[in-house]
Amino acid sequence: MGLVGVQENGNREMDVSLGGKNKYKRMDSEFTEDLDDSHHQDRSSSARKYVLACAIFASLNSVLLGYDVGVMSGAIIFIQEDLNITEVQEEVLVGCLSIVSLFGSLAGGRTSDAIGRKWTMGLAAVVFQSGAAIMTLAHSFQILMIGRFLAGIGIGFGVMIAPVYIAEISPTVARGSLTSFPEIFINLGILLGYVSNYAFSNLPVNTGWRVMLAVGILPSVFIAVALFIIPESPRWLVMQDRVEEARLVLLKTNENEREVEERLEEIQKAAGNTNGDKYEEKAVWRELLSPSPALRRMLVTGFGIQCFQQITGIDATVYYSPEIFKGAGIQDETKLLAATVAVGVSKTVFILVAIFLIDKLGRKPLLYLSTIGMTICLFSLGVTLTFIGEGQVGIALSILFICANVGFFSVGIGPICWVVTTEIFPLRLRAQAGALGAVGNRVCSGLVAMSFLSVARAISMGGTFFIFSAISALSVVFVHTLVPETKGKSLEQIEQMFQNEDQWQGGEVELGDVEHLVEKE
């Protein structure tokens, strides 16, 4: 009996044992899956942090441009007094940086293809630092111009290469926000320039502006350190047939190996290197000058949005904000510089808003909000300066509309201009086409900066802003008709989109989406 019972129990126990074994197998499987999930999350977090660090370090050159723009708006007041320069010389000194930087941008495309994206950023910092040092020690207008020339070349290199590098190293899902980083750092630099003006405004005239300019050399130290931390662009490495090195970089910047292999294959196809062959021998510049229909569409979009970013007068607002506030009725120099700090804060805060929204809502809704908002603010500023004039009300409204204008700029066309330009061009042309767009941007910036005071003198300050308002209204039409939505697409998919004229014109977002954006905010 007992034996039989044991046998029965044994059978039962065997059943339980088998059931237990299956249970343990399931637990083991779940434990393994948990480990895999944990490993994937760790790798995902590591990849995000690594790409973020690369984007931050690559954007440091943009601080140099922003600081120069911000600090010169205040330093020029003291330079004019110390070196007795004329108003025309003031316009040339302020505006020539943008014109000169186009040479850096043009050379930057070819240089970055030759020595790599990373070391082009290093070269930009060295050239700018040399120019800043010469300006700091200058004792005449001529020496100042030599330093300005070198600083402009360095800025031209930096402003062109940083967005290209970040776009090429970023995963698709975060490319928009990461490619906006250079614009964030430009705004941060502008704010630091304004703060520097205010902080050193009480120093002796001969010393104050030199200290203001000298502080701009400091970011170059961090750039030197960054060069030994960030990797080379994987797309540039593929163009050099250094595929294994490109794979190692992608493994650091992407979350899983399958995605790495897919992206690597896409890049090789885009570069024309799938079978180890070099892309077609046709010279890049010859292709840009006699473009195919698809490339022509890309050039219209890329070059157009770069020009509209500047001809709406943003650099005039930033460079000459003390002059504008003076026209509104502020006379004390310290108060003028304090008011410009408010402009810098507004510009910096709203660029952070753009970073959070650009990959969630897309490029076009933010561009609509930006260009429409700027049009209203510029028109309102023209009305204020023309019909209200000097006085407490005029001063308050002028500060409000200028801060709102730079805010709308920063939330849309400011950063998205660079995002779109780096996204739309094919790999083999990206650096040179990006350089061409940067040239358009810098030329328009220079023309505005070098003519603003003369035009304002001829037709009044308010009349100048009416012109900017009309141009801004045209930019709304341009965005609606010729800028497609690129959110969520790989760089290679965007290239294919321009092959189709219907996809290029009209895009995927209409003006109604702005209502959704306003509700979201």
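Residues numbered from 1 in each chain as written. Predicted model: local features only at pLDDT ≥ 70, side-chain atom pairs only at ≥ 80, totals over all residues. Heavy atoms only, no water.

Would you take a moment to explain the overall build of the protein for this structure?
A count of helical and extended segments in the protein gives 25 helices and 0 strands. Taking all 521 residues of the protein together, the buried fraction comes to 57%. Long-range contacts, defined here as pairs at least 24 residues apart, represent 82% of the contacts in the protein between residues at least 6 apart. Summed over all atoms, the accessible surface of the protein reaches about 21,500 Å², with 63% contributed by carbon and sulfur. (Helix = DSSP H or I, 4+ residues; strand = E, 2+ residues; numbered from the N terminus. Buried < 20%, exposed > 50% of the residue type's maximum accessible area, 1.4 Å probe, protein only. Contact = heavy atoms within 4.5 Å. Areas by Shrake-Rupley, 256 points an atom, 1.4 Å probe, with all protein chains shown as cover.)

How do you make sense of the pattern of salt bridges when you look at a structure like this?
Pairs can form between side chains of opposite charge whenever their charged atoms are close. Tallying each qualifying case throughout the model produces 10 salt bridges. Among the ionic pairs, D113 bridges to R117, the shortest N-O distance being 2.8 Å. The partner of R363 in a salt bridge is D359, with the nearest N and O atoms 3.0 Å apart. For the pair shown, R363 and D359 are each scored as buried. (Salt bridge = Lys/Arg side-chain N within 4 Å of Asp/Glu carboxyl O.)

I tried to follow the packing of helix α21 (residues 427-459) against helix α22 (residues 461-482) on my own but got confused; where do I start?
To describe two helices that pack against each other, one gives the angle between their axes and the distance between the axes. Contact geometry of α21 with α22 gives a least axis separation of 7 Å together with a crossing angle of 125°. Considering the angle they form, α21 stands oblique to α22. Contact with α21, carried on its side by V448, F452, V455, A456 and I459, involves M461, G463, T464, F465, I467 and F468 of α22 and no other residues of that element. Residues that form the contact of α21 with α22 fall into these classes: 9 nonpolar, 2 polar and no charged. (Axes fitted to C-alpha atoms, helices over the stretch in contact; angles between N-to-C directions. Parallel < 35°, antiparallel > 145°, perpendicular 65-115°, else oblique. Nonpolar A, V, L, I, M, F, W, Y, C, P; charged D, E, K, R; others polar.)

I tried to follow a nonpolar patch on the surface on my own but got confused; where do I start?
Residues I115, W119, L123, V225, F228 and I229 make up a contiguous nonpolar surface patch of roughly 590 Å² in combined accessible area. Turning to its location among the elements, F228 is positioned in the loop between α9 (219-226) and α10 (234-239). (Patch = residues over 30% accessible without salt bridge, like charges linked within 9 Å, V, L, I, M, F, W, Y side chains within 5 Å.)

How should the packing of helix α17 (residues 333-361) against helix α18 (residues 363-388) be read in this particular structure?
Interhelical geometry of α17 versus α18 gives an angle of 130° and a closest axis separation of 7 Å. Taken together, α17 and α18 sit at an angle that is classed as oblique. Contacts between α17 and α18 involve A354, L357, I358, D359 and L361 from the former and R363, P365 and L366 from the latter. For the contact of α17 with α18, the class distribution of residues is 6 nonpolar, no polar and 2 charged.

I keep staring at the state of the cysteines and nothing clicks. Help me out?
A covalent bond bridging the sulfur atoms of two cysteines is what the word disulfide describes. Applying the stated criterion across every chain, the model contains 0 disulfides. Lacking any disulfide linkage, C417 is separated from the closest cysteine sulfur, that of C307, by 9.0 Å. (Disulfide = S-S within 2.5 Å.)

Whenever I open this one, unusual backbone geometry confuses me. Can you help?
Across residues other than glycine, the phi torsion is negative in most instances, and most of the peptide bonds are trans. Despite not being glycine, D241 shows a phi value in the positive range, around 65°. Looking at the element boundaries, D241 is found in the loop between α10 and α11 (243-253). We classify D241 as partly exposed; its relative accessible area is 37%. Phi is positive for S460, which is not a glycine, with a value near 90°. Summarising the element assignment, S460 is placed in the loop between α21 and α22. By relative accessible area, which is 33% here, S460 ends up partly exposed.

How should the environment of I402 be read in this particular structure?
The residue I402 is located in helix α19 (residues 392-411) in this model. Distance in space between the C-alpha atoms of I402 and K347 is 9.9 Å, their sequence separation being 55 residues. The contacts of I402, once residues within four sequence positions are left out, are T317, I324, F325, V343 and L381.

In this structure, what is going on with the nonpolar core? I would like to understand it.
Across soluble globular proteins, you tend to see nonpolar side chains buried next to one another. Grouped together as the largest cluster of nonpolar side chains are 134 residues, with contacts concentrated most on I79, F452 and F465. A domain-level breakdown of this core finds at least three residues from each of domain 1 (43-271) and domain 2 (291-502). Not counting chain neighbours up to four residues away, the residues in contact with F465 comprise T317, I324, L378, L381, G382, L385 and F452. Counting 5 residues, the second-largest nonpolar core is a separate cluster that includes V100, A124, V127 and I153. (Core = buried A, V, L, I, M, F, W, Y, C linked by side-chain atoms within 4.5 Å. Domains from an automatic or database assignment.)

Which parts of the structure should I look at to understand the side chain of R117?
Looking at where R117 falls in the secondary structure, it is placed in helix α4 (residues 117-137). Taking the relative accessible area as the measure of exposure, R117 reaches 0% and is therefore buried. Within polar-contact distance, the side chain of R117 engages the side chain of D113 at 2.8 Å. Of note is the side chain of R117, whose polar atom sits 3.0 Å from the side chain of E168. Setting aside residues no more than four positions away along its own chain, R117 makes contact with S112, I161, V164, Y165, E168, E232, S233, W236, M239 and A431. (Polar contact = N/O pair within 3.5 Å; in protein donor to acceptor, adjacent residues only side chain to side chain.)

Would you take a moment to explain the packing of aromatic side chains for this structure?
Between two aromatic rings, the relevant description is the distance of the centres plus the angle of the planes. Evaluation of the coordinates by the stated rule reveals 8 aromatic pairs. Here the aromatic rings of F465 and F468 are separated by 5.7 Å at their centres, their planes lie at 70°, and the arrangement is edge-to-face. Of this pair, F465 and F468 both sit in helix α22, 3 residues apart, which is roughly one turn of that helix. Look at F468 and you get buried, because its relative accessible area is 7%. Taken together, Y319, Y320, F452, F465 and F468 form an aromatic cluster joined through their ring pairs. (Phe/Tyr/Trp six-rings, centres within 6.5 Å; stacked < 30°, edge-to-face > 60°.)

Looking at this structure, I do not really get the environment of S475. What am I missing?
When you line up the elements, S475 lands in helix α22. Accessibility expressed as a relative area gives 2% for S475, which makes it buried. Separated by 2.5 Å, the side chain of S475 and the backbone oxygen of S472 make a polar contact.

Looking at this model, I keep getting lost on α9. Mind explaining?
Taken residue by residue, α9 has P219, S220, I223 and A226 as its buried positions. Across the axial projection of α9, the buried residues extend over an arc of 110°, all falling on one side. (Arc of directions from axis to C-beta.)

Whenever I open this one, the confidence of the model for the protein confuses me. Can you help?
The predicted coordinates ought not to be read in detail in places where the model reports low pLDDT. Mean pLDDT over the protein works out to 82, with 85% of the residues at or above the 70 mark. Below a pLDDT of 50 lies the segment residues 273-281, which in the model reaches 20 contacts outside its immediate sequence neighbourhood of four places, other chains included. Ignoring residues within four places in sequence, the model shows residues 508-521, a span with pLDDT below 50, making 25 contacts including any to other chains. (pLDDT = per-residue confidence, 0-100.)

I'm lost on the environment of T421 in this one. Help?
Structurally, T421 is set in helix α20 (residues 413-424). Judged by its relative accessible area of 2%, T421 is buried. Sequence separation between T421 and A167 is 254 residues; the distance between their C-alpha atoms is 9.9 Å. Beyond its immediate chain neighbours, meaning those up to four positions away, T421 contacts G302, I305, Q306 and G434. Within the structure, T421 has its side chain in polar contact with the backbone oxygen of C417 (distance 2.7 Å).

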